[in-house]
Amino acid sequence: MIRLMNEPTFDLNQGPATTMAANPQTSAAANVRDVTAMVASRKLYSAGFITDIEADKVAPGLSEDVIRLISAKKEEPEWLLNFRLKAYRRWLTMTEPEWAHVDYQKVDYQSISYYSQPKSMKDGPQTLADVDPKLLETYRKLGIPLREQEMLAGVQNVAVDVVFDSVSVGTTFKKKLLEAGVIFCPLSEAVKSHPELVQKYLGSVVPFADNFFAALNTAVFTEGSFVYIPKGVRCPMELSTYFRINERNTGQFERTLIIAAEGSHVSYLEGCTAPQRDENQLHAAVVELVALDDAEIKYSTVQNWYPGDENGKGGIYNFVTKRGDCRGARSKISWTQVETGSAITWKYPSCILRGDDSVGEFYSVALTNHRQQADTGTKMIHIGKRTKSTIVSKGIAAGRGQQSYRGLVRVLESAEGARNYTQCDSLLIGDQCGAHTFPYTEVRNPTATLEHEATTSKIADDQLFYCRARGIGEEEAVSMIVNGFCKDVFKELPMEFAVEAQKLLAVSLEGAVG
Amino acid sequence: MLEINNLHARVEEKEILKGLNLSIKPGEVHAIMGPNGSGKSTLSNVIAGREGYEVTEGSVLFDGKNLLDLEPEIRACEGIFLGFQYPVEIPGVSNMTLLKAAINARRKHQGETEIAPNDFLAWVRDRAKLVKIDPKMLSRGVNEGFSGGEKKRNEILQMLVLQPRLMILDETDSGLDIDALKIVADGINALRGPTRATVLVTHYQRLLDYVQPDYVHVLARGRIVKSGGPELAKELEEKGYGWLEAA
Ligand SMILES: Nc1ncnc2c1ncn2[C@@H]1O[C@H](COP(=O)(O)OP(=O)(O)OP(=O)(O)O)[C@@H](O)[C@H]1O
Ligand SMILES: [Mg+2]
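These numbers were taken from a predicted model, which means no experiment stands behind them.

Peer 1: Just give me the short version of the overall build of chain A, but keep the residues and values in it.
Peer 2: A tally of regular secondary structure across chain A gives 14 helices and 24 strands. Scored against the burial criterion, the 514 residues of chain A give a buried share of 64%. Summarising the internal contacts of chain A: among those between residues at least 6 apart in sequence, 85% fall at separations of at least 24. With an accessible surface of roughly 18800 Å², chain A has 50% of that area assigned to carbon and sulfur atoms.

Encoded structure:
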């Protein structure tokens, strides 16, 4: 019996294949000199403001009663409540995984509030026109267009669902999407309007007891987006969900479910921010993607949760389970992620390549600065014949950041002619960070072809000097070199996002030179 | 323009420059020759501000300002250009990106606004023609996969684009075929003028046939041991450096 999907399959008692910690002796002392000054000048996390809004928040703590309360608030059907309770009971028997290369103070699950909604949202979903102006202002500050006319004025063509703490505050362009037959709405709404779809697919990619955090999410998830693209439809615009954690001591447990029916196509973007707070906040999301025959899902993430301060105080724990199921023949799922935020990241967007000739892709840029830690990568499970996967991972560690790539390529007996290409590069900036790679492969079919390339480099002093000798300042030079390093991933992002991602990288790198 | 006085500099605890003097006025072209390892690149790097080169004594003034106090990027913005002996590759960063950032850094330093995208394109394309660099190469990564000669021509292109006032070309002529040498020389001559000065670090007379120097210096054992006119280079080509050892 092969365990197919549990995240803890990574729990192989194996050290890193390559570990490179920068060596303090090799770097010129002159480099270290500027760090202090630059750290001091680091700009504040620009999404770190708090929205002063009255919230209806459930008292901290987790119990069956709390789960029943969440379920009741969302007016959920019986089967969903039972699904939650089943997951909760299993979760109680599970232990938090410790195999990841991250080090953090364990979460006290009884001190978190599992549900928070702005008071003004209490009377259920409203139209965008009714949304609390303070909320609109929040999103305006973050640069998220919530009013359709504002968006139409620009060149963007993106429909947005916005989740504030535990609830969705509105979805734009609903009508235009409906005309195309696309369903794009908050998950809680889909439970009511399309219960058969939700019931059929929810938990079908990430089983309720898949891993500790997925089980927790299943028990308490509060919001997220639901997307259904019908047969043969190319979604007429980019879909996007924007997540924001605002309330103190709340966790965000969103759940996203995307189904692309036969021959359909969708590109989905996800963005995240949170206010700057001293205490850690938990974000444990589950994302499930299902692609049927000839369908294609492109899922892009720009994750900029609050990373904590220079000394590692505060920041989001980002413990996320993302998995795509290429259920149909010739289907394709492509993950692109730019991870610059969060104090701790634990995330492995994966593909189950079940359909013959299906294709899985994972393009990742992960950056850790100051005290951030990231353990991220992917799993490609080849089941169908001639399945193909591509992994391109770019890890950047600066400051005292710790960066691990963890990837599994598993080829089952049935996967005749499977192919994988993995490229995994790490870049170190400064002399107190570390980069590690943990590649795992399990091949049970001799016809499979696997290629693996890995490099670890430091931003070379001579590259930096070359730029400076042309008049380019140190920070700009670093950001330019890092952007060049990430180019293979950025080119996979939708245009508007690629520009954002570059800017984000520049901001996240501030104070990293050394 | 550039006044170097009794310059002592060390690398990794080893003293390389030991009391070097050199004075360069606007409009002049100086050639610096000398045996391998004598400190020519060290001198170039000290002027450009590379880290790891410690000046222990002496001074370097540029337009009367103490150059050694300035960060390398400020020196570049003030008009100093170093053509590298070994230009580095920067994968994924296109030549255009680097050039644009360099131009705009300079403009910002001078209190000007950023260059308009069309002006930038036209400006770079025209200069690329001069050094016979295919515009397609400009969208490739900086020196990424460039041949040795292409890298050197790319240095000259950057110089033409940035229009510095003091050009220090560290063996830009090494490894060039005859045609490329001519192109590089044309590039250098194109910028020759009463407000600019050039330092050519070279091992060969060849380049000096195309770019006539006003002065030729021999750098050995960490200092300028002999200076003269263009004829000195010819003499060196015939006799080598041995006869100077005694000097
Ligand atoms: N980073 C360094 N670490 C140790 N030694 C160095 C370093 N840079 C230069 N040197 C030493 O300093 C001396 C002068 O080197 P430099 O590169 O300035 O010589 P050069 O005159 O340019 O030689 P060439 O004609 O071969 O280019 C050499 O002995 C060299 O080995
Ligand atoms: Mg040299």
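Picking up after the structure, the text goes on.
Peer 1: Outline the overall build of chain B, supporting the account with residue identities and numerical values.
Peer 2: Within chain B one finds 10 helices and 12 strands. Residue pairs at least 24 apart in sequence account for 70% of intrachain contacts in chain B once pairs closer than 6 positions are excluded. Taken as a whole, chain B presents about 10700 Å² of accessible surface, with 49% of it coming from carbon and sulfur. For chain B, the distance from the average site of its 31 positive side-chain charges to the average site of its 35 negative ones is 3 Å.

Peer 1: Outline the pattern of salt bridges, listing residues and values.
Peer 2: Under the counting rule described, the total for this entry stands at 32 salt bridges over all chains. Between B:Arg165 and B:Asp63 there is a salt bridge; the shortest N-O distance is 2.8 Å. Of this pair, B:Arg165 sits in the loop between helix H6 (148-162) and strand S9 (166-170) while B:Asp63 sits in the loop between strand S4 (53-62) and strand S5 (65-66), and the two are 102 residues apart along the sequence. On the accessibility criterion, B:Asp63 (41% relative accessible area) is partly exposed. Sharing partners across several salt bridges, the network here consists of A:Arg468, A:Glu474, B:Glu51, B:Glu71 and B:Glu73.

Peer 1: Break down the sheet that holds strand S11 (residues 215-220) of chain B for me, with residues and values.
Peer 2: All names here are of chain B. Reading across from one edge, S6-S9-S10-S3-S11-S12 is the order of the 6 strands in this open sheet, with mixed pairing throughout. Edge positions in the open sheet fall to strand S6 (80-83) and strand S12 (223-228), since each of these has one partner strand only. Pairs of neighbouring strands in the sheet enclose a mean axial angle of 20 degrees, with direction left out of account. Both S6 and S9 contribute to a ladder of 4 bridges, which runs parallel. The residue bridging Ile-80 from the neighbouring strand is Leu-166, located in S9. Across the sheet, helix H9 (residues 230-239) is in contact with strand S3 (29-33), S11 and S12; its angle to S11 comes to roughly 45 degrees.

Peer 1: Any details on the coordination of the magnesium ion (ligand 2)? Residues and values, ideally.
Peer 2: Residues and elements named next belong to chain B. Protein-derived ligands of the magnesium ion (ligand 2) are Ser-41 (OG) and Gln-85 (OE1), with the metal-ligand distances lying across 1.9 to 2.2 Å. Of this pair, Ser-41 sits in helix H1 (residues 40-48) while Gln-85 sits in the loop between S6 and strand S7 (90-94), placing them 44 residues apart in sequence. Of the residues examined, Ser-41 reaches a relative accessible area of 24% and is grouped as partly exposed.

Peer 1: Describe the confidence of the model for chain B, naming the residues involved and giving the relevant values.
Peer 2: Averaged over every residue, the pLDDT of chain B is 92; residues scoring 70 or more account for 99%. This prediction of the complex comes with two scores: 0.77 for pTM and 0.95 for ipTM.

Peer 1: Outline the sheet that holds strand S1 (residues 2-11) of chain B, listing residues and values.
Peer 2: Residues and elements named next belong to chain B. Spatially, the 4 strands line up as an open sheet ordered S2-S1-S4-S5, and their pairing is antiparallel. Edge positions in the sheet fall to strand S2 (14-24) and S5, since each has one partner strand and no second. Where S1 and S2 come together, 8 bridges link them in antiparallel fashion. Among the inter-strand pairings, Ala-9 is bridged to a residue of S2, identified as Leu-17. Where H1 meets the sheet, its contacts fall on S1, S2 and S4, and the angle it forms with S1 comes to roughly 110 degrees.

Peer 1: I'd like a rundown of helix H3 (residues 95-109) of chain B, residues and numbers included.
Peer 2: Residue and element names in this part refer to chain B. Helix length check: H3, at 15 residues, gives a terminal C-alpha distance of 21 Å against a target of 21 Å (1.5 Å per residue), a fit within 8%. Residues of H3 that are buried include every one of Asn-95, Met-96, Leu-98, Leu-99, Ala-101, Ala-102, Ile-103, Asn-104, Ala-105 and Arg-106, and no others. Directly beyond the C-terminal end of H3, a positive phi value near 75 degrees is found at Gly-111.

Peer 1: So, the packing of H3(B) against helix H4 (residues 117-130) of chain B: which residues are in play, and what are the values?
Peer 2: All names here are of chain B. It is the contact of H3 with H4, at a shortest axis distance of 11 Å, that shows an interaxial angle of 115 degrees. Here H4 runs roughly perpendicular to H3, going by the angle between their axes. Where H3 crosses over H4, the handedness of that crossing is right-handed. Contacts between H3 and H4 involve Met-96, Leu-99, Lys-100 and Ile-103 on the former and, on the latter, Pro-117, Phe-120, Leu-121, Trp-123 and Val-124.

Peer 1: Mind laying out the interface of chain B and chain A, listing which residues take part and the relevant values?
Peer 2: How big an interface is tends to be stated in terms of the accessible area lost upon association of its parts. Opposite the 32 residues of chain B that make contact, chain A presents 21 residues. Counting each side, the surface lost to burial between chain B and chain A is near 2100 Å², with a carbon and sulfur contribution of 62%. The largest contributions to the chain B side of the interface with chain A come from B:Glu51, B:Glu73 and B:Val88, which together make up 26% of the buried area. Viewed at the interface, chain A and chain B are joined by 4 salt bridges.

Peer 1: I'd like to hear about the site of ligand 1, residue by residue, with values.
Peer 2: All names here are of chain B. In the vicinity of ligand 1, 16 residues are found, and the nearest of them are Gly-37, Lys-40, Ser-41, Thr-42 and His-203. Taking Glu-171, its side chain carries an N or O atom lying 3.3 Å from an oxygen atom of ligand 1. One of the side-chain nitrogen or oxygen atoms of His-203 is found 2.9 Å away from an oxygen atom of ligand 1. Here ligand 1 loses 66% of its free accessible area of 640 Å² to cover by the protein chains. Residue assignment for the shell around ligand 1 shows that the elements contributing at least two residues are S2 and H1. The element that contributes the greatest number of residues to the shell around ligand 1 is H1, accounting for 3 residues. For the shell around ligand 1, the class distribution of residues is 4 nonpolar, 8 polar and 4 charged.

Conventions adopted
- Residues numbered from 1 in each chain as written.
- Chains lettered and ligands numbered in written order.
- Predicted model: local features only at pLDDT ≥ 70, side-chain atom pairs only at ≥ 80, totals over all residues.
- Heavy atoms only, no water.
- Helix = DSSP H or I, 4+ residues; strand = E, 2+ residues; numbered from the N terminus.
- Buried < 20%, exposed > 50% of the residue type's maximum accessible area, 1.4 Å probe, protein only.
- Contact = heavy atoms within 4.5 Å.
- Areas by Shrake-Rupley, 256 points an atom, 1.4 Å probe, with all protein chains shown as cover.
- Lys, Arg positive; Asp, Glu negative; His and termini not counted.
- Charge placed at Lys NZ, Arg CZ, Asp CG, Glu CD.
- Salt bridge = Lys/Arg side-chain N within 4 Å of Asp/Glu carboxyl O.
- Pairing = 2+ DSSP bridges.
- Axes fitted to C-alpha atoms, helices over the stretch in contact; angles between N-to-C directions.
- Donors = N, O, S within 2.8 Å, 3.2 Å for Na, K, Ca; no water.
- pLDDT = per-residue confidence, 0-100.
- Expected span 1.5 Å × (residues − 1).
- Parallel < 35°, antiparallel > 145°, perpendicular 65-115°, else oblique.
- Left-handed = near helix turned anticlockwise from the far one by under 90°.
- Buried area = accessible area lost by both parts, 1.4 Å probe.
- Near = heavy atom within 4 Å.
- Polar contact = N/O pair within 3.5 Å; in protein donor to acceptor, adjacent residues only side chain to side chain.
- Nonpolar A, V, L, I, M, F, W, Y, C, P; charged D, E, K, R; others polar.

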